[in-house]
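Overview (structure and organization)
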Number of protein chains: 2
Amino acid sequence: MTTARSEPAAAMVVGTGLIGGSIGMALRRRGWRVAGRDADPARSRRALELGALDALGDDPDAALTFIATPAGAVVDEARRVLHPAGRAARSSEPGGIVTDVAGVKGPIVAALAGEARFIGGHPMAGSEQDGVEGADAELFVGSTWALTPSAGTDPDAYARLRGVIASLGANAVAVSAGRHDDLVAVVSHVPHLAAAALMDLAAGAASEDATLLHLAAGGFRDMTRVAAGHPGIWPDVVAENRTGIVATLDRLSSALVEIRRIVAEGDRAALLDLLERAREARISLPTGAPPVAEAAEVRVPVPDRPGTIAEVTTLLGELGVNIYDVEIAHSVEGDRGVLVLVVDAGTVAVVQKALVGRGYRTSARALGR
Amino acid sequence: MTTARSEPAAAMVVGTGLIGGSIGMALRRRGWRVAGRDADPARSRRALELGALDALGDDPDAALTFIATPAGAVVDEARRVLHPAGRAARSSEPGGIVTDVAGVKGPIVAALAGEARFIGGHPMAGSEQDGVEGADAELFVGSTWALTPSAGTDPDAYARLRGVIASLGANAVAVSAGRHDDLVAVVSHVPHLAAAALMDLAAGAASEDATLLHLAAGGFRDMTRVAAGHPGIWPDVVAENRTGIVATLDRLSSALVEIRRIVAEGDRAALLDLLERAREARISLPTGAPPVAEAAEVRVPVPDRPGTIAEVTTLLGELGVNIYDVEIAHSVEGDRGVLVLVVDAGTVAVVQKALVGRGYRTSARALGR
């Protein structure tokens, strides 16, 4: 490896969108020299302007290459970097490490199974943000970055990649490609499809009178929010993770069969058991917020006009209260909403007192109850 | 009716929690004299202190009574008010109108089918907020209030109740009890159960290694948020709306069978069709925000520390920009997040310029695309 490295260490980014651009920025901030390209030359030029790259094009001496293209292009690009044309002339060099950022890992890792210097990766950050304009050198700080080493992976290459990922501020989680894909089927792909199914059911049920959708409140809005996204990437995701998605759909269907039984038979104990188990799991989901037992929700009815949220949040800032989460729950069709603030439970009394002093009504509840 | 009314018009509230208390406050602000009681005397005393009631106890002259108890107590309380002991002595008087606020209407409306002066109701407001401390005279402004008149309902009583609901600022939507229950099964009850099922599946799938739940991102958090709620009311809800919930679970199961076929067969056209249909329906959901074609989302990476949200929202307030929706998307485990602001698309340029001027990075996207 050392023979392929120069000073400063050289890296390459193929595909300079949000993730590729952010990787370039993050590496450069940590002293790497980064070359890169994109299928769209305008996009790589923009990445260069924004400071995500030092130079356009390939760097045959790159110690590390991130393939950040759409999933369908990863295998070909990885092979091109692992085995460049003219490589025979430089065959004494071991070549650099190659990784990718695609959201489904099985097919890519299988296609590159013989490549000791390829390690699949999936940074769980910023996926909703599009394009290099949203790129950020600190995008990965505190985020999770899945790595999917396989039996043929060079342990040194894995250790080195893991070290670089950690230097970007991310927590590397090693998981097999199959397990990764099963997990994202459960926490991303099937929930997305279920949200679409629920939204479609509701639209169908209200089709004779669309005003009946006014009966849909905040919980339904939360559950179906992802269904508002553009469907563009989903045919590929579904094709690449077919096995995991089908297996998870089957598990979800079985769970719904059991729930149907619980409802039809009025099995209160089983219902409470399921809901309590789900509640425990949900409040234990890892998050940037404090442990839920210590968090509280303060609800403040507010008018929908400029400055209201600022007034409330400024007041809390002046009090030194950190807001872990903030959300507006809209009255349906109204010109007012409820500002929902998640704060440390220990600060609730001072928050409520201050808000009441400004004429707001408040209510609070512990989130751990 | 007029014989039962006095000046000012007399109303009664049975059950003085969040909804009952808010109704009392709203009626009093509009000139009604409101008597009320609660199964918990401390709660009705507190309602009196907070200005939700003029007096404790029953008012036999009430022109309108709101039964705002838990669902299981509605029928008995309604009968008690409709046919008070000693009523024979006052039989020349028609008696007041009685309505309720329970979330499932079928069993209540069926039990009171012969009562011309009873009309079922369900205000879709504030349901997440507990207790009279959260009561608010303006809680119903701009909200939807379902009314479920039946064949035996006195048309004058219905018209009068509808007028009072409108005077509280709510939009009354008339719907049969059965249709109401079918709809809330689709937009509330089954989504809640599905969220619990998804959360339970994810916890099970990650049971060998809980750190794998770090792979769960914002969409999953949104979808399962309702599963964090206390399960307490659900056995009753499920028992009361059994038919609607079972029918909707069956429809959801059928939809998932079709989705499984689409995934297994790689039917890209059918997948895009479903996702596009769901997306159209989701972005058409009625909301307090502007029409989605005119709204845009601005994302701003921010550190999790006091004052950050205030700085951003204050800046927008100074620019006269209204924030329709605001949310923090947390980096998993990180000490930073992304502030997501929904604003008028026409204000995006000025918002981004101002934020960049303060050293923030921003990205934006139209929500209508």
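Residues numbered from 1 in each chain as written. Chains lettered and ligands numbered in written order. Predicted model: local features only at pLDDT ≥ 70, side-chain atom pairs only at ≥ 80, totals over all residues. Heavy atoms only, no water.

**Concerning the overall build of chain A**
Using the following cut-off: Helix numbering and strand numbering both begin at the N terminus, where a helix is a DSSP run of H or I of at least 4 residues and a strand a DSSP run of E of at least 2. Buried residues are those whose accessible area, probed at 1.4 Å on protein chains only, stays under 20% of the maximum for their type, while exposed residues exceed 50% and partly exposed ones sit between those limits. Accessible surface area values rest on a Shrake-Rupley calculation with a 1.4 Å probe, where residue burial reflects the displayed protein chains alone.
Looking only at helices and strands, one finds 12 helices and 12 strands in chain A. For chain A, buried positions account for 54% of its 369 residues. Summed over its atoms, the accessible surface of chain A is roughly 14000 Å², and 53% of this surface lies on carbon and sulfur atoms.

**Some details on the sheet that holds strand 1 (residues 10-14) of chain B**
All names here are of chain B. Definition in use: By this definition, two strands are paired if DSSP reports at least two bridges between them. In what follows, residue pairs with any heavy atoms lying within 4.5 Å of each other are defined as contacts. Fitted lines through C-alpha atoms serve as axes, helices being fitted only where they are in contact, and the angles separating the N-to-C directions of these axes extend from 0 to 180 degrees.
Spatial ordering of the open sheet is given by 3-2-1-4-5-6-7-8, a layout of 8 strands whose pairing is mixed. Each edge of the open sheet is held by one strand with a lone partner, namely strand 3 (55-56) and strand 8 (171-174). Here 2 bridges tie strand 2 (residues 33-37) to strand 3, and the two strands are oriented parallel to one another. Counted as the bridge partner of alanine 35 is alanine 55 from strand 3. Of the strands in this sheet, strand 4 (64-67), strand 5 (97-100), strand 6 (118-124), strand 7 (144-148) and strand 8 are in contact with helix 5 (residues 155-167), which crosses strand 7 at around 170°.

**Examining the environment of alanine 71 of chain A**
Residues and elements named next belong to chain A. Within the secondary structure, alanine 71 is located in the loop between strand 4 (64-67) and helix 3 (74-82). Residue classification places alanine 71 among the partly exposed residues on the basis of a relative accessible area of 23%. Residues alanine 71 and lysine 105, 34 residues apart in the sequence, show an inter-C-alpha distance of 9.0 Å. Setting aside chain neighbours within four positions, we find alanine 71 in contact with Ala102, Ile108 and Glu240.

**Digging into the nonpolar core**
Rules: Among buried residues, those of type Ala, Val, Leu, Ile, Met, Phe, Trp, Tyr and Cys that are joined through side-chain atoms within 4.5 Å constitute a nonpolar core.
Leu252 of chain A together with Leu252 of chain B are the most contacted members of the largest nonpolar core, which has 92 residues in total. Those residues within four positions of leucine 252 of chain B in sequence are excluded, and the remaining contacts are Ala197, Leu198, Leu201 and Leu256 of chain A together with Val190 and Ala194 of chain B. Formed by 38 residues, the second largest nonpolar core is a distinct cluster that contains Leu341 and Leu355 of chain A together with Val312 and Leu341 of chain B.

**Notes on the interface of chain A and chain B**
Just so we agree on the cut-off: Throughout, buried area stands for the accessible area (probe radius 1.4 Å) lost by two parts on being put together, summed over both. Only one rule defines a salt bridge in this text: a Lys or Arg side-chain nitrogen within 4 Å of an Asp or Glu carboxyl oxygen. In protein, a polar contact requires one atom able to donate a hydrogen and another able to accept it; more generally it is a pair of N or O atoms within 3.5 Å, and residues adjacent in sequence count only if both atoms are side-chain atoms. Gly is put with the polar residues, along with every residue not named as nonpolar or charged; the nonpolar set is Ala, Val, Leu, Ile, Met, Phe, Trp, Tyr, Cys and Pro, and the charged set is Asp, Glu, Lys and Arg.
If you look at the interface, chain A gives 126 residues, while chain B gives 126 residues. Surface buried jointly by chain A and chain B totals about 12400 Å² across both partners, of which 64% is contributed by carbon and sulfur atoms. Of all residues in chain A, Leu215, Met223 and Arg282 of chain A give up the largest surface area on contact with chain B, accounting jointly for 6% of the area buried on that side. Scanning the region where chain A abuts chain B turns up 8 salt bridges. Its salt-bridge partner being arginine 260 of chain B, residue aspartate 250 of chain A comes within 2.6 Å of it at the nearest N-O pair. Our enumeration of links across chain A and chain B arrives at 21 residue pairs in polar contact (both at pLDDT 80 or more). Among the elements that line the side of chain A that touches chain B, the one with the most residues is helix 6 (residues 177-205) of chain A, at 19 residues. For the side of chain A that touches chain B, a count of residues per class yields 66 nonpolar, 29 polar and 31 charged.

**Some words on the packing of helix 6 of chain A against helix 9 (residues 242-265) of chain B**
What counts is decided by this rule: For this classification, under 35 degrees means roughly parallel, over 145 means roughly antiparallel, 65 to 115 means roughly perpendicular, and everything else is oblique. Left-handed describes a crossing in which the near helix is turned anticlockwise from the far one by less than a right angle; the clockwise case is right-handed.
Here helix 6 of chain A crosses helix 9 of chain B at 130°, and the two axes come no closer than 10 Å. What the angle tells us is that helix 6 of chain A and helix 9 of chain B run oblique. When the axes of helix 6 of chain A and helix 9 of chain B are compared, the crossing they make is right-handed. Of the residues in helix 9 of chain B, those touching helix 6 of chain A at Leu193, Ala197, Leu198 and Leu201 of chain A are Thr248, Arg251, Leu252, Ala255, Ile259 and Val263 of chain B.

**A closer look at the relation of the copies chain A and chain B**
Each of the two chain copies can be generated from the other by rotation about an axis followed by a shift along it. Here is the rule: The least-squares superposition of copies is restricted to C-alpha atoms, and to residues with a pLDDT of at least 70 in both copies.
When chain A is fitted onto chain B, the two copies agree to an RMSD of 0.1 Å after a turn of 180° and an axial shift of 0.0 Å. The relationship between the two copies is best expressed as a two-fold rotation axis. Residue methionine 223 of chain A of chain A places its C-alpha closer to the rotation axis than any other residue of that unit, at 2.0 Å.

**What about the environment of proline 60 of chain B?**
Residues and elements named next belong to chain B. Checked against the element boundaries, proline 60 lands in the loop between strand 3 and strand 4. For proline 60, a relative accessible area of 63% corresponds to the exposed category. Measuring from C-alpha to C-alpha, the distance between proline 60 and leucine 161 comes to 18 Å, with 101 residues separating the pair along the chain.

**A short note on the sheet that holds strand 7 (residues 144-148) of chain A**
Spatially, the 8 strands line up as an open sheet ordered 3-2-1-4-5-6-7-8 (chain A), and their pairing is mixed. On the outer flanks of this sheet lie strand 3 (55-56) and strand 8 (171-174) of chain A, each paired with one strand and no other.

**Here we look at the pattern of salt bridges**
One pass over the structure, following the stated rule, counts 42 salt bridges over all chains. In this structure, arginine 43 of chain A engages aspartate 38 of chain A in a salt bridge whose closest nitrogen and oxygen atoms are separated by 3.2 Å. On the accessibility criterion, aspartate 38 of chain A (12% relative accessible area) is buried. In this structure, arginine 80 of chain B and glutamate 77 of chain B form a salt bridge, with 3.5 Å as the shortest nitrogen-oxygen distance. Taken together, the residues arginine 80 of chain B and glutamate 77 of chain B, both in helix 3 (residues 74-82) and 3 residues apart, mark about one turn of the helix. Each of Arg37, Asp58, Glu77 and Arg80 of chain A takes part in a single network of salt bridges with overlapping partners.

**Digging into the confidence of the model for chain A**
All names here are of chain A. As a reminder, the rule being used: The quantity known as pLDDT measures the predictor's confidence residue by residue, on a range of 0 to 100.
Predicted confidence across chain A gives a mean pLDDT of 85, with 88% of residues reaching 70 or more. A low-confidence stretch, residues 288-292 (pLDDT under 50), is modelled with 13 contacts involving residues beyond four sequence positions or located in other chains. Taken together, the chains of this predicted complex give a pTM of 0.74 and an interface ipTM of 0.74.

**Regarding the pairing of strand 6 (residues 118-123) of chain A**
Residue and element names in this part refer to chain A. Rules: The handedness rule is simple: strands pointing away from the viewer, and a clockwise path from the first strand over the helix to the second, make the crossover right-handed.
Burial analysis of strand 6 places 6 of its 6 residues in the buried class, the great majority of the element. Taking every second residue as pointing to the same face, both faces of strand 6 are buried, with Phe118, Gly120 and His122 on one and Ile119, Gly121 and Pro123 on the other. Pairing analysis gives 2 bridges linking strand 5 (residues 97-100) to strand 6, with the strands arranged parallel. Bridge assignment links threonine 99 to a residue of strand 6, and that residue is isoleucine 119. Once the chain exits strand 5 it traverses helix 4 (residues 106-111) before rejoining the sheet at strand 6, and the crossover so formed is right-handed. Relative to strand 7, strand 6 runs antiparallel, the two being bridged by 4 bridges. Looking at the pairing, glycine 120 lines up with threonine 148 of strand 7.

**Quick look at helix 10 (residues 268-283) of chain B**
We apply this condition: A helix is expected to span 1.5 Å multiplied by its residue count minus one.
With 16 residues, helix 10 of chain B ought to run about 22 Å at 1.5 Å a step, and its terminal C-alpha atoms sit 22 Å apart, in line with that. All of the buried residues along helix 10 of chain B are Ala270, Leu271, Leu274, Leu275, Ala278, Arg279, Ala281, Arg282 and Ile283 of chain B.

**Examining helix 9 (residues 242-265) of chain A**
Relative to the 34 Å expected for 24 residues at 1.5 Å per residue, helix 9 of chain A spans 34 Å between its end C-alpha atoms, a close match to the ideal helical length. The set of residues buried in helix 9 of chain A consists of Gly244, Ile245, Val246, Thr248, Leu249, Leu252, Ser253, Leu256, Ile259, Ile262 and Val263 of chain A. Tucked inside the fold, the buried residues of helix 9 of chain A contact helix 6, helix 8 (234-240) and helix 10 (268-283) of chain A together with helix 6 (177-205), helix 8 (234-240) and helix 9 of chain B. Glycine 266 of chain A sits one or two residues past helix 9 of chain A and shows a positive phi near 60°.

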